[in-house]
Amino acid sequence: METSAAARVHPSPREILDSVVIRFAGDSGDGMQLTGSQFTTATAVAGNDLATFPDFPAEIRAPAGTTYGVSGFQIHFAAHDIRTPGDAPDVLVAMNPAALKVNIDVLEPGGLLVVNTGAFNKNNLAKAGYEENPLDDGSLDPFRILAIDITKMTLESVKGIGLGSKDAQRCKNMWTLGLMYWLFGRERESTVRWLEKKFVKTPKVLEANIAALNAGHIYGENADLPHGIGAYQVPAAKLEPGQYRNISGNEATAWGLVTGAKLAGLEIVYGSYPITPASNLLHNLARLKQFGVTTFQAEDEIAAVSAAVGASFGGAIGVTGTSGPGVALKSEAIGLAIATELPLVIVDVQRGGPSTGLPTKTEQSDLFQAVWGRNGDAPLAVLAAATPGDCFYMAVEAVRIAVKYMTPVMLLSDGYLANGAEPWHLPDIDALEPFPVQFRDDPEGFMPFMRDKDTLARVWAIPGTPGLEHRIGGLEKQQDTGHISYDPENHHMMTKLREAKVQRIAKDVPKAAIDQGDPRGDMLVVGWGSTYGAISQAVRMLRERGRKVSHLHLRNIWPLPEGVGDLLRSFGSVLVPELNNGQLVKLLRAEYLVDADSLTKIAGQPFRISELVEAAEERLKRSLQ
Amino acid sequence: MSPNPPKKEYTRKDFSSDQEVRWCPGCGDYAILAAVQRVLPDLGSTPENTVFISGIGCSSRFPYYMNTYGFHTIHGRAPAIATGLKLANPELDVWVITGDGDGLSIGGNHLLHVLRRNVDLQILLFNNQIYGLTKGQYSPTSQVGKVTPSSPLGSVDQPIVPARFALGARATFVARSYDTSKRLPETLTDAHKHDGAAFIEVLQNCPVFNDGVFDLITDRKTGPAYQLWLENGQPMRFGANGEKGLHMNPKTLTLEVVTVGEEGITEADIVVHDETNLSLAWMLTDLPGVVALGVLYRQPGPVYNESVTKQRELAKERFGEPDLKALLRTGHTWTVV
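First things first, this report covers the structure right here in the doc. (Residues numbered from 1 in each chain as written. Chains lettered and ligands numbered in written order. Predicted model: local features only at pLDDT ≥ 70, side-chain atom pairs only at ≥ 80, totals over all residues. Heavy atoms only, no water.)

Moving on, we get to the overall build of chain B. Within chain B, the secondary structure is distributed over 11 helices and 12 strands. The principal-axis extents of the C-alpha atoms in chain B amount to approximately 95 × 50 × 45 Å. For chain B, the proportion of its 337 residues judged to be buried stands at 54%. Accessible surface, chain B: about 15,000 Å² in total, of which carbon and sulfur atoms supply 52%. Side chains of chain B carry 31 positive and 36 negative charges; the gap between the two charge centres is 5 Å. (Helix = DSSP H or I, 4+ residues; strand = E, 2+ residues; numbered from the N terminus. Buried < 20%, exposed > 50% of the residue type's maximum accessible area, 1.4 Å probe, protein only. Areas by Shrake-Rupley, 256 points an atom, 1.4 Å probe, with all protein chains shown as cover. Lys, Arg positive; Asp, Glu negative; His and termini not counted. Charge placed at Lys NZ, Arg CZ, Asp CG, Glu CD.)

Set out below in structure tokens:
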């Protein structure tokens with residue numbers, strides 16, 4: 001970041017900073033995700049805008065001390081509006097040598113490094129691959145170091161409470177959190193309250209955690225910190241007035257589905273098979289039975305989607321959630337819902353692929369699978385959420401389109417949105433437009449595949465309705481009657497009809513609009529999904545430099561909204577950054593015959609703002625030559 | 001589902017759709033279809049509340065011929081789709097129609113889980129020991145040595161015993177019949193009465209690819225010697241004059257076929273059928289030289305869809321009326337002014 005805290009830090013009490021990026025890193029058993037999320041809550045309370053990025057290994061408890069077992073949590077908070085968890089940390093908290101090894105390369109020179117010297121023993125150094133102790137060999141000289149034996153300090157702070165040594169050591173994340181709270185002027189209260197809830201049944205553990213938290217804070221208050229390290233303050237950001245909470249993408253998706261079903265007047269049947277990073281969608285929905293949600297933990301991905309299809313046949317809104325490998329398994333059943341024209345919502349929380357790929361890392365490589373990945377000509381609607389909070393609105397929209405057009409809708413999220421958190425301005429539920437479903441109940445003139453002439457959606461007649469008994473299935477069917485038909489012309493016509501129905505959705509969603517910048521210029525950066533924040537900040541920077549660059553962000557991937565072609569043709573060049581090997585770019589080239597340029601990153605990590613700025617600058621320069 | 005359902009006496013005709021039946025001439029499926037259409041009015045079923053769900057295969061065309069709600073789905077997945085339907089509307093009377101390939105090969109996993117969950121369904125598995133719709137390959141119930149286009153030197157696969165599979169999956173109702181049996185409606189009635197997943201294997205003749213494979217059992221002349229019709233609480237006797245029976249060999253703990261009146265065997269030596277005895281049911285699935293028909297096992301257990309409904313009611317009691325606004329405000333919120 002250009003607005004690095006480190007660059008402007010000098011010793012003085014509570015220096016005012018505009019924005020800070022902190023990365024907490026430790027063993028996957030060190031409780032770094034928890035520490036990070038607590039710091040997030042306290043930061044929200046302090047009124048900063050913020051964005052977070054949890055980054056953890058696929059192994060639940062990788063061997064202690066190894067580099068592949070390092071778990072990280074990055075938080076970016078500021079006195080102004082921000083949209084990404086930050087390119088590089090200003091502050092790195094390294095709980096052991098492996099965490100240092102994995103993360104030190106991204107810490108800016110002059111950055112603040114907090115290390116737990118207590119973990120820098122021979123054994124841990126060897127496991128991390130250090131021949132010499134980096135704390136002694138001068139390799140960390142470019143950084144400002146706060147080297148503390150946190151292990152020892154923690155054990156001292158909980159002495160006398162009567163915990164075993166293992167449990168006592170576990171409190172070191174709270175000690176560290178206490179110190180960080182002091183350094184950045186955060187209140188401890190939200191964490192104390194949280195601890196009281198979590199450890200209500202183990203009073204000793206509760207006492208120890210609070211003691212460690214306080215001890216870390218007191219250490220900060222009293223310690224004579226090394227030269228160049230002081231206490232900082234990041235003033236509250238000016239956010240739009242209203243009520244806020246922190247929200248992760250998977251929470252927002254779950255709540256959006258429930259809200260969408262309520263607006264449709266339907267109950268939800270959510271079929272799912274546990275898969276990273278979509279599992280907590282199932283967990284979130286399983287807690288909401290009182291909202292008319294039935295969750296079904298199926299025997300496999302296929303049963304999960306099949307149950308959802310069966311539920312939609314029965315008059316509920318069938319929903320299934322998964323990640324890329326699960327979508328692959330569900331493809332045939334999704335095709336059945338397309339052929340029988342039943343509503344269905346499929347949430348794909350994307351992760352690195354192919355095959356098992358990178359389960360805990362983020363990627364946007366399921367776009368082709370979403371749009372094209374089924375046998376036959378099998379169109380459905382594809383939506384993509386841009387931010388964690390946007391998952392709520394897109395989930396509502398997915399339900400709306402599914403029931404209005406009697407079609408499966410695929411909602412694309414990803415690991416970064418699912419696990420990342422941001423302050424979310426709570427929506428006014430009463431202001432959301434209901435879209436109540438009307439089941440057919442009149443036998444007069446009824447045919448199962450008769451259609452609404454505007455939407456082309458077929459009627460939804462559910463079992464239990466007298467006089468409307470009918471059969472549906474995956475075999476090609478005759479228009480209107482739904483009888484099995486092998487007639488060549490009928491199949492041609494039905495294929496065109498199914499396509500036309502999905503294309504009608506384009507008239508029912510907002511026209512493509514520039515998110516930032518002018519409607520014409522030198523370069524249009526087109527993004528989709530979770531890259532919204534990074535692209536938005538990059539375009540802002542480029543525009544501040546006077547570049548004629550604009551940002552278009554697509555939430556409707558299929559059908560593409562109206563007006564995309566005109567916008568693409570209004571710019572000298574088009575750049576499509578994606579966390580895949582170039583998928584939206586090919587879709588745009590195929591649909592609009594434009595010379596769109598691709599910027600790919602397939603590293604399991606989100607874009608850095610600087611990467612996007614550099615790539616855009618380089619291409620702008622090239623086009624001027 | 002309408003508030004005042006019209007009182008109507010339904011007949012077989014009310015359950016027959018207007019679609020031309022397209023199974024091969026002589027297919028056992030015709031007889032099963034007729035039995036189902038005939039029995040439904042007697043069960044008090046109504047066309048609007050009855051749903052037939054099938055997978056893929058010859059048997060799975062069944063729903064098209066029923067004037068009820070129907071869903072011809074994808075290969076092997078009918079049990080999962082039926083489960084979702086029961087979750088959406090537990091009031092519906094749902095029948096699953098599957099075959100030996102659909103239910104035990106590609107859909108084996110779903111059949112396993114629908115049985116162990118005990119979803120309230122009737123599951124009819126048409127077993128013809130062959131793949132019909134794909135033109136005659138051996139199936140998971142084909143006997144070893146079966147010569148087919150995909151096993152020109154004879155199949156080397158060991159066959160599965162459907163009823164044994166069902167018991168292994170903790171099915172609470174397992175029955176067996178055959179396509180042309182006069183007693184098929186009776187077995188269907190028993191299945192329909194059962195709360196939970198009722199599994200019925202129906203031996204079914206495929207006249208084109210596996211003709212006559214069950215002839216010894218189903219033929220009017222030879223049949224009585226091979227058919228053991230089970231009656232709960234009655235000694236397990238069979239044969240043209242009921243002269244044969246099943247005797248428990250206490251040394252080997254197996255059932256043996258004996259003749260009453262020979263070698264000192266009396267009525268008292270014949271084992272009495274107990275539908276709730278799992279060990280007995282297991283032995284009845286695969287007997288030497290005779291086929292057990294009727295209800296092999298019936299032991300009611302918790303019904304999945306009922307448990308799910310109960311939990312939802314419990315959640316409402318515990319958490320109160322749903323309030324979206326409150327949901328969005330769970331946990332920590334703050335106000336920016």
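Residue and element names in this part refer to chain A. Mapped onto the fold, Glu-614 is located in helix H20 (residues 609-624). Taking relative accessible area as the criterion, Glu-614 reaches 55% and is therefore assigned exposed. Taking the C-alpha atoms as reference points, Glu-614 and Leu-542, 72 residues apart in sequence, are found 9.5 Å from one another.

A separate point is the interface of chain A and chain B. Facing the 69 residues of chain A at the interface are 58 residues of chain B. Here chain A meets chain B over a buried area of about 5,400 Å², counting both sides, of which 63% is carbon and sulfur. Taken as a group, Gln-290, Glu-299 and Arg-471 of chain A account for 14% of the area that chain A buries against chain B, more than any other trio of residues on that side. Summed over the shared surface of chain A and chain B, the number is three salt bridges. A salt bridge links Glu-267 of chain A to Arg-312 of chain B, with the nearest nitrogen and oxygen atoms 2.7 Å apart. Applying the counting rule to chain A against chain B returns 25 residue pairs in polar contact (both at pLDDT 80 or more). Those elements that place two or more of their residues in the side of chain A that touches chain B are helix H1 (32-45), strand E9 (242-248), helix H9 (249-264), strand E11 (293-297), helix H11 (301-313), helix H12 (324-340), strand E16 (421-425) and strand E17 (471-473) of chain A. Per-element tally for the side of chain A that touches chain B: the top contributor is H11 of chain A, with eight residues. By residue class, the composition of the side of chain A that touches chain B is 38 nonpolar, 19 polar and 12 charged. (Contact = heavy atoms within 4.5 Å. Buried area = accessible area lost by both parts, 1.4 Å probe. Salt bridge = Lys/Arg side-chain N within 4 Å of Asp/Glu carboxyl O. Polar contact = N/O pair within 3.5 Å; in protein donor to acceptor, adjacent residues only side chain to side chain. Nonpolar A, V, L, I, M, F, W, Y, C, P; charged D, E, K, R; others polar.)

Okay, the sheet that holds strand E5 (residues 173-178) of chain B next. Pairing within the open sheet is mixed, and its nine strands lie in the order E17(A)-E2(B)-E1(B)-E3(B)-E4(B)-E6(B)-E5(B)-E11(B)-E7(B). Two strands bound the open sheet, and with one partner strand each, they are E17 of chain A together with strand E7 (227-229) of chain B. Between one strand axis and the next, the sheet turns through 20° on average, direction left out of account. The sheet contact formed by E5 of chain B and strand E11 (residues 291-298) of chain B spans four bridges and is antiparallel. The residue bridging Val-174 of chain B from the neighbouring strand is Tyr-297 of chain B, located in E11 of chain B. The sheet contacts of helix H4 (residues 108-117) of chain B involve strand E4 (122-127) and strand E6 (198-203) of chain B, and relative to E4 of chain B the element is tilted by about 145°. (Pairing = 2+ DSSP bridges. Axes fitted to C-alpha atoms, helices over the stretch in contact; angles between N-to-C directions.)

Residues and elements named next belong to chain B. Under the counting rule described, the total for this entry stands at zero disulfides over all chains. The structure places no disulfide on Cys-58, whose sulfur is separated from the nearest cysteine sulfur, that of Cys-24, by 6.4 Å. Considering cysteine sulfurs only, Cys-27 is the nearest to Cys-206, which forms no disulfide, with 6.5 Å between them. (Disulfide = S-S within 2.5 Å.)

A word on the environment of Val-20 of chain A. By the secondary structure assignment, Val-20 of chain A is in strand E2 (residues 19-27). As for Val-20 of chain A and Pro-89 of chain A, which are separated by 69 residues in sequence, their C-alpha atoms are 7.7 Å apart.

This next bit is on H9 of chain A. Residue and element names in this part refer to chain A. Compared with an ideal rise of 1.5 Å per residue, which puts 16 residues at 22 Å, H9 spans 22 Å between its outermost C-alpha atoms and is within 8% of the ideal. Within H9, 14 of the 16 residues are buried, which leaves it mostly tucked inside the rest of the structure. Remark: Gly-265 follows H9 within two positions and exhibits a positive phi of approximately 75°. (Expected span 1.5 Å × (residues − 1).)

The next thing to look at is the packing of H9 of chain A against helix H10 (residues 279-286) of chain A. All names here are of chain A. Interaxial distance between H9 and H10 falls to 9 Å at its minimum, and their mutual angle equals 45°. By the angle class used here, H9 and H10 are oblique. Between H9 and H10 the crossing geometry is right-handed. On H10, the residues that touch Asn-250, Glu-251, Thr-253, Ala-254, Leu-257 and Val-258 of H9 are Asn-280, Leu-281, Asn-284 and Leu-285. Of the residues in the contact of H9 with H10, the class split is five nonpolar, four polar and one charged. (Parallel < 35°, antiparallel > 145°, perpendicular 65-115°, else oblique. Left-handed = near helix turned anticlockwise from the far one by under 90°.)

When we look at a pair of aromatic rings, we describe it by the centre distance and by the angle of the planes. Residues and elements named next belong to chain B. Summed over all chains, the structure comprises 23 aromatic pairs over all chains. With 5.9 Å between their ring centres and 80° between their planes, Phe-62 and Phe-126 make a pair best called edge-to-face. Taken as a pair, Phe-62 in the loop between strand E1 (50-54) and strand E2 (69-72) and Phe-126 in strand E4 lie far apart in primary sequence, 64 residues in all. Each member of the pair, Phe-62 as well as Phe-126, is classed as buried. (Phe/Tyr/Trp six-rings, centres within 6.5 Å; stacked < 30°, edge-to-face > 60°.)

Looking now at the packing of H1 of chain A against helix H7 (residues 189-198) of chain A. Residue and element names in this part refer to chain A. Their axes nearest at 8 Å, the elements H1 and H7 cross at an angle of 130°. Relative to H7, the element H1 is oriented oblique. Together, Leu-34, Gln-38, Thr-41 and Ala-42 of H1 and Ser-190, Thr-191 and Trp-194 of H7 make up the contact between the two elements. Looking at the contact of H1 with H7, its residues break down into three nonpolar, four polar and no charged.

Tracing the backbone shows Thr-176 of chain A in helix H6 (residues 172-183). If we ignore the near neighbours within four places in the chain, the residues touching Thr-176 of chain A are Val-93, Met-95 and Ile-150 of chain A.

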